[in-house]
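Overview (structure and organization)
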Amino acid sequence: RRRRRGEALPAALVQEQPLDEKSAHWIPDQGVSQCFKCQRGFDLFNRRHHCRSCGRIFCSACSCHRSRLDRADSDKVRVCERCFTYIERLVRDTDR
């Protein structure tokens, strides 16, 4: 069966990773001095951004994607490249 737009992903698929926005364990800003992916240092111009899926901290370039998490009523939120790829694959596989 095809998943309708806005319909939540099946629970069995969501359990693997990434986490949804409500349950993601966000890494505290304090003590994180560089992007998790590219290791570019944070400063006044290169700001920290949390991936709303995995909770890790990235620069804007490494967290430029937006995706809906598994809640049907959610808006698109900032996610890292890894989580975006994972979510898009889940959506593609469940739409078949």
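It should be noted that the structure appears before, not after, this text.
Reference entry: report on the structure contained in this document. In this convention, every chain numbers its residues from 1, walking through the sequence in written order. Local features in this predicted model are restricted to residues of pLDDT 70 or higher, and side-chain atom pairs are both shown and tallied only at a pLDDT of 80 or more, whereas totals for entire chains, interfaces and linings draw on every residue. In computing side-chain values, all of the structure's heavy atoms are included and hydrogens and water are not.

1. Some thoughts on the overall build of the protein chain
A count of helices and strands for the protein chain gives 2 helices and 4 strands. Mapped from its N terminus to its C terminus, the protein chain presents α and β elements in the order α-β-β-β-β-α. Buried means the residue's accessible area, taken with a 1.4 Å probe over protein chains only, is under 20% of the maximum for its type, while exposed means over 50%, and partly exposed covers the values in between. Counting the 96 residues in the protein chain, one finds 34% classified as buried. Contacts are residue-level and defined by heavy atoms, with any inter-residue pair within 4.5 Å sufficient. Considering only intrachain contacts with a sequence separation of at least 6, the fraction spanning at least 24 residues in the protein chain is 47%. Total accessible area on the protein chain stands at roughly 6600 Å², and carbon and sulfur atoms take up 49% of it. In this text, helices come from DSSP runs of H or I with a minimum length of four residues, and strands from runs of E with a minimum of two, each type numbered from the N-terminal end. Each accessible area is a Shrake-Rupley estimate made with a 1.4 Å probe; only the visible protein chains count as cover when residues are assessed.

2. Description of the packing of aromatic side chains
Centre distance within 6.5 Å is the pairing criterion for rings of Phe, Tyr and Trp, where only the six-membered ring of Trp is used; planes under 30 degrees apart are then read as stacked, over 60 as edge-to-face, and the remainder as tilted. Using the criterion set out here, one finds 1 aromatic pair in the structure. Consider the rings of F36 and F58, whose centres lie 5.8 Å apart with planes at 80 degrees: the pair is edge-to-face. Note that F36 is positioned in the loop between α1 (11–14) and β1 (49–50) and F58 in strand β2 (residues 57–58), a separation of 22 residues in sequence. A relative accessible area of 47% places F36 in the partly exposed class. By relative accessible area, F58 is classed as buried at 4%.

3. Let's talk about unusual backbone geometry
In this structure, Q39 is a non-glycine residue whose phi angle is positive, near 65 degrees. Looking at the element boundaries, Q39 is found in the loop between α1 and β1.

4. Details of the pattern of salt bridges
The term salt bridge refers to a pairing of a side-chain nitrogen on Lys or Arg with a carboxyl oxygen on Asp or Glu at a separation within 4 Å. Tallied over the full model, the rule gives 2 salt bridges. Where K37 meets E81, a salt bridge forms, and the shortest distance between an N and an O atom there is 2.7 Å. Within this pair, whereas K37 is found in the loop between α1 and β1, its partner E81 is found in helix α2 (residues 81–94), the two being separated by 44 residues in sequence. Here K37 falls in the partly exposed class, since its relative accessible area comes to 45%. We classify E81 as partly exposed; its relative accessible area is 39%. A salt bridge links D93 to R89; the nearest nitrogen and oxygen atoms lie 3.9 Å apart. Of this pair, D93 and R89 both sit in helix α2, 4 residues apart, which is roughly one turn of that helix.

5. Notes on the environment of D75
Considering the arrangement of structural elements, one finds D75 in the loop between β3 (65–67) and β4 (77–79). With relative accessibility at 60%, the residue D75 sits in the exposed group.

6. Some words on the nonpolar core
Nonpolar cores are built from buried Ala, Val, Leu, Ile, Met, Phe, Trp, Tyr and Cys residues. Side-chain atoms within 4.5 Å join them into one set. Among the nonpolar cores identified, the biggest contains 15 residues, and C51 and F58 are the most heavily contacted of them. Secondary structure elements with two or more residues in this core: β2, β4 and α2. For C51, the residues in contact, after removing those within four places along its chain, are W26, R56, F58, R78, V79, C80 and C83.

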